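A look at the structure
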Amino acid sequence: MDEWRQLKPLEWCKYVNKEVKVTAHEKQQHNGWVFTVDPVSASIVLVTFQEKGGTPTVRVVTGHAVQEVEILQEGNEEMAGRLRVVFTPPGARALGPEEVRRRKESLRLWLEKNRIPVEEEGEMLRVANVLTVSAPYGAEDCSSSNEIILARVQSLVESNPNSTPDQPANS
């Protein structure tokens, strides 16, 4: 099904968090819940949950092999949450919107106190027009092509005295 690879990312989105049956090359069939579809290769990431809480299995069906995709069951928020948990690192915890907002505001104030130009752009903080910090606003969430600025801002983020226990301060 060359048609699958010709779909646009917004069309693939309608398969996310749904149980599907994928018919691949040589009539191989794969059932599972769609976690995502790679927009470049059109590959489908399927998750299969075992009975009685066993370890979920993840399978990637490469886009060029996909011949047909049939939706078997609609997903819901509970299933979306189960799928996210599969790919969440151990020990990571979900943050509520209020905690994320508090972290963003704390970091923005800390950077301003240290005379670093910072602007809010939606959910991101833009630092000196060369670096961005995304949620949950820790040092590992900084992104920049300038390694020197990246290292210095990461150090500053880590030294924030208002950081949370999972983001220790070096004060």
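Here goes a summary of the coordinates provided. (Residues numbered from 1 in each chain as written. Predicted model: local features only at pLDDT ≥ 70, side-chain atom pairs only at ≥ 80, totals over all residues. Heavy atoms only, no water.)

Points about the overall build of the chain
Along the chain, the regular secondary structure elements total 5 helices and 9 strands. Helices and strands in the chain line up, N terminus first, as α-α-β-β-β-β-β-α-α-β-β-β-β-α. For the chain, whose C-alpha radius of gyration is 21 Å, the value lies well above the compact-globule estimate of 16 Å for 171 residues. Counting only C-alpha atoms and orienting by the principal axes, one finds that the chain spans roughly 60 × 35 × 25 Å. Counting only residues that meet the buried cut, the chain has 32% of its 171 residues in that class. By element, 51% of the accessible surface of the chain is carried by carbon and sulfur atoms, the whole surface being about 11000 Å². Distance between charge centroids for the chain: 3 Å, based on 20 positive and 25 negative side chains. (Helix = DSSP H or I, 4+ residues; strand = E, 2+ residues; numbered from the N terminus. Rg over C-alpha atoms; globule rule 2.2 N^0.38 Å. Buried < 20%, exposed > 50% of the residue type's maximum accessible area, 1.4 Å probe, protein only. Areas by Shrake-Rupley, 256 points an atom, 1.4 Å probe, with all protein chains shown as cover. Lys, Arg positive; Asp, Glu negative; His and termini not counted. Charge placed at Lys NZ, Arg CZ, Asp CG, Glu CD.)

Considering the nonpolar core
Counting residues in hydrophobic clusters, the biggest one holds 16 residues, and the most contacted among them are Leu107, Val127, Leu131, Val133 and Cys142. Within the residue set of this core, elements represented by two or more residues are helix H4 (97–113), strand E7 (124–127), strand E8 (131–133) and helix H5 (147–158). Setting aside its immediate chain neighbours within four residues, Cys142 contacts Leu131, Thr132, Val133, Leu150, Val153, Gln154 and Val157. Ranked by size, the runner-up nonpolar core spans 15 residues in total, among them Trp12, Ala24, Val34 and Ile44. (Core = buried A, V, L, I, M, F, W, Y, C linked by side-chain atoms within 4.5 Å. Contact = heavy atoms within 4.5 Å.)

Notes on the sheet that holds strand E2 (residues 29–37)
Ordered by their spatial adjacency, 5 strands build an open sheet running E4-E3-E2-E1-E5, and the pairing between neighbours is antiparallel. Across the chains shown, the open sheet's two edge strands, defined by having one partner strand only, are strand E4 (57–61) and strand E5 (68–73). Pairs of neighbouring strands in the sheet enclose a mean axial angle of 45°, with direction left out of account. As paired elements, strand E1 (residues 19–23) and E5 share 5 bridges and run antiparallel to each other. (Pairing = 2+ DSSP bridges. Axes fitted to C-alpha atoms, helices over the stretch in contact; angles between N-to-C directions.)

Topic: helix H3 (residues 77–86)
Of the positions making up H3, those classed as buried are Met79, Ala80 and Leu83. When H3 is viewed along its axis, its buried side chains cluster within an angular range of 100° and face the same direction. When the buried face of H3 is taken as reference, the exposed residues oriented beyond 90 degrees from it are Glu77, Glu78 and Val85. (Arc of directions from axis to C-beta.)

Describing the pattern of salt bridges
Using the criterion set out here, one finds 10 salt bridges in the structure. We note a salt bridge from Glu120 to Lys104, for which the minimum N-O separation is 3.2 Å. Taken as a pair, Glu120 in strand E6 (residues 118–121) and Lys104 in helix H4 lie far apart in primary sequence, 16 residues in all. (Salt bridge = Lys/Arg side-chain N within 4 Å of Asp/Glu carboxyl O.)

Details of the environment of Met79
Note that Met79 resides in helix H3. Placed 71 residues apart in sequence, Met79 and Leu150 show a C-alpha to C-alpha distance of 37 Å. In contact with Met79, other than residues within four places in its own chain, are Trp33 and Phe49.

In short, shape yes, function no, at least from these values alone.
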